[in-house]
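Results of the structural survey
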Amino acid sequence: MKSGTVLPSEVLLVPVMCFLEAEGPHSETVLFHISNHPGGFEPVPLMMSAQGHRPRLQFQNLNFIFQEANIICRTFDSLDENDLDFDTAYTVFATADKILQFANSPIAEASTMDINLYNPSVVPAEVLVYSSQRPTDSELVPSPGSIAVKNNAKSSGRRKDKTGTTGEMTSPQQTKGDEIFDVEAKNFTILPHCSTKLKIIFKPVAIEDYKGMVTVILPANPHGENLTFTVLGQVTVPQIAILEPALNDDNKLVVSMNPTLMSKRSLKQLRFQNICKVVAHVFVMTTRST
């Protein structure tokens, strides 16, 4: 029960607070009574009504949520080479079993994709996102690449049997405990009738296949629908081919410059070709010998 005193010509403001614990329509009646009025004054009734809403997100429309991936309306196991034939890094989402795959991802670099979340309700939706992944097996995991040497010299009796050589480069190493699958934001709010993008991040630390889970829930609607999908990660190792110079008779790479006049410059080209589906960062260093 609330009471107060109103002076002559004064306006009294009475705050009304609504707290609903259940979904659906609710109503209450408030009676206004003047305590110092002579007998016979009837209280004035005021009806108050409210509608309880739970937050929800549009989880059914997978084509909208995963619109930035290559959507396949089948199970992941049924995908063939035609479904996965891309020249660069890509993401595929199989709607039948809710599997998102990162493929042709470079090692120790982040591959990302945005999913779209829409709030169709009339109340703000607080969102929590959980991600998990399979841990790596070792404390330090090397990330090698390879260099192939293509012998493109004119064929001869001695050279036609040479198939090239393979070397290894070591990329920066990462320690166990880094997040393989992660999300850019784990707790955020989506306003009514608005959408937001949630960035899924895949950053592999070893040459292996990864598997994880991402779950999107609404804490204010714990018994409502949520979104859970599997994330797969496939790593592609950078590879380059040396087209020039070709292997010489001693199976070595030698750049033989033309006779050069002192104080003048001569020029020859080194030709490298990226033969994989990820970016290859190449460093060329020179050392002087006599």
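Residues numbered from 1 in each chain as written. Predicted model: local features only at pLDDT ≥ 70, side-chain atom pairs only at ≥ 80, totals over all residues. Heavy atoms only, no water.

Topic: the overall build of the protein
Selection criterion: A run of H or I in DSSP becomes a helix once it reaches four residues, and a run of E becomes a strand once it reaches two; helices and strands are each numbered from the N terminus. When checking whether two residues touch, look at their non-hydrogen atoms; a contact exists if any pair is within 4.5 Å.
Within the protein one finds one helix and 18 strands. The contacts of the protein with a sequence gap of at least 6 include a subset with a gap of at least 24, amounting to 68%.

Focus: the nonpolar core
Selection criterion: Residues belong to one nonpolar core when they are buried, are Ala, Val, Leu, Ile, Met, Phe, Trp, Tyr or Cys, and are joined through side-chain atoms within 4.5 Å. Burial classification: accessible surface area is computed with a 1.4 Å probe over protein chains only, and a residue below 20% of its type maximum counts as buried, one above 50% as exposed, and the rest as partly exposed.
In terms of nonpolar packing, the biggest core is built from 34 residues, with Leu 57, Phe 66, Ile 115, Leu 117, Leu 198, Val 216 and Phe 229 touching the most fellow members. Every residue in contact with Phe 66, bar those within four places of it in the chain, is listed here: Ile 71, Phe 93, Leu 100, Met 113, Ile 115 and Phe 229. If you look at the next biggest cluster of nonpolar residues, it comprises nine residues, including Ile 72, Leu 79, Tyr 90 and Val 92.

So, unusual backbone geometry
Not every positive phi belongs to a glycine, and Ser 9 is a case in point at roughly 65°. With respect to the secondary-structure elements, Ser 9 resides in the segment before strand E1 (24-32). Although it is not a glycine, Asn 104 sits at a positive phi angle of roughly 55°. By the element assignment, Asn 104 lies in strand E5 (residues 99-106).

Focus: the environment of Asn 226
With respect to the helices and strands, the residue Asn 226 is situated in the loop between strand E15 (210-217) and strand E16 (227-236). For Asn 226, a relative accessible area of 37% gives the class partly exposed. With 166 residues separating them along the chain, Asn 226 and Gln 60 place their C-alpha atoms 9.7 Å apart. Not counting chain neighbours up to four residues away, the residues in contact with Asn 226 comprise Phe 59, Val 216 and Ile 217.

Quick notes on the sheet that holds strand E6 (residues 111-119)
To be explicit about the condition: Whether two strands pair depends on DSSP finding at least two bridges between them. Between N-to-C directions, angles span 0 to 180 degrees; the directions come from axes that are lines fitted to C-alpha atoms, helices contributing only their stretch in contact.
Taken in spatial order, the three strands line up as E6-E14-E12 in an open sheet, and their pairing is antiparallel. Each of the sheet's edge strands pairs with one partner strand only, and the pair in question is E6 and strand E12 (181-183). Here the average twist between neighbouring strands, direction ignored, is 25°.

Focus on a nonpolar patch on the surface
Formally: Patch definition: residues with relative accessible area over 30% and no salt bridge; like charges joined within 9 Å; nonpolar side chains (Val, Leu, Ile, Met, Phe, Trp, Tyr) joined within 5 Å. Methods summary: accessible areas were calculated by the Shrake-Rupley approach with a probe of 1.4 Å, and residue burial reflects only the protein chains presented. By salt bridge we mean one thing: a side-chain nitrogen of Lys or Arg within 4 Å of a carboxyl oxygen of Asp or Glu.
The grouping of Val 6, Leu 12, Val 14, Phe 32, Val 44 and Leu 46 at the surface amounts to a nonpolar patch, some 520 Å² of accessible area in total. Turning to its location among the elements, Leu 46 is positioned in strand E2 (residues 44-52). Leu 46 sits in the partly exposed class, given a relative accessible area of 40%.

A closer look at the pattern of salt bridges
Evaluated as defined, the whole model comprises three salt bridges. Linking Lys 199 and Asp 114 is a salt bridge whose minimum nitrogen-to-oxygen distance equals 3.1 Å. Placement of Lys 199 in strand E14 (residues 194-202) and of Asp 114 in strand E6 is noted, with a sequence separation of 85 residues between them. Residue classification places Asp 114 among the buried residues on the basis of a relative accessible area of 14%.

Considering the confidence of the model for the protein
The following threshold applies: Known as pLDDT, the predictor's confidence for each residue is given on a scale from 0 to 100.
Per-residue pLDDT for the protein has a mean of 76; in total, 81% of the residues score no lower than 70. For the stretch residues 135-177, pLDDT sits under 50, and the model shows 82 contacts to residues farther than four places along the chain or on other chains.

Notes on the environment of His 26
Inspection of the secondary structure assignment puts His 26 in strand E1. For the pair formed by His 26 and Gly 52, sequence separation is 26 residues and the distance between their alpha carbons is 7.5 Å.

Looking at the sheet that holds E16
Backbone hydrogen bonds are what pair the strands of a sheet, in a parallel or an antiparallel way. Pairing is mixed across the open sheet formed by seven strands, whose spatial order is E3-E4-E5-E16-E15-E7-E13. A strand with exactly one partner marks an edge of an open sheet, and here the two such strands are strand E3 (70-72) and strand E13 (187-190). Ignoring strand direction, the axes of neighbouring strands in this sheet form an average angle of 25°. Sheet analysis places strand E4 (residues 90-94) next to E5, joined by five bridges and oriented antiparallel. Of the residues in E5, the one forming a bridge with Tyr 90 is Ala 103.

Regarding the packing of aromatic side chains
Defined as follows: Here a Phe, Tyr or Trp ring, Trp counted by its six-membered ring, pairs with any other such ring whose centre lies within 6.5 Å, and the pair is stacked when the planes are under 30 degrees apart, edge-to-face when over 60, and tilted otherwise.
Within this structure, the stated rule accounts for five aromatic pairs. Aromatic side chains Phe 66 and Phe 229 sit 5.0 Å apart centroid to centroid with 90° between the ring planes, which places their arrangement in the edge-to-face category. Taken together, the residues span a long stretch of sequence, with Phe 66 in the loop between helix H1 (62-65) and E3 and Phe 229 in strand E16 at a distance of 163 residues. For the pair Phe 66 and Phe 229, one class covers both residues: buried. Ring pairs connect the aromatic residues Phe 102, Phe 181, Phe 202 and Tyr 210, which therefore count as one cluster.

Regarding the side chain of Asn 119
Note the following rule: The term polar contact refers here to a pair of N or O atoms within 3.5 Å; inside protein, the definition further demands a hydrogen-donor-capable atom paired with an acceptor-capable atom, and it admits residues adjacent in sequence only when both atoms are side-chain atoms.
Position of Asn 119 relative to the elements: it lies in strand E6. Since its relative accessible area comes to 0%, Asn 119 is described here as buried. A distance of 3.0 Å separates a polar side-chain atom of Asn 119 from the backbone oxygen of Val 123.

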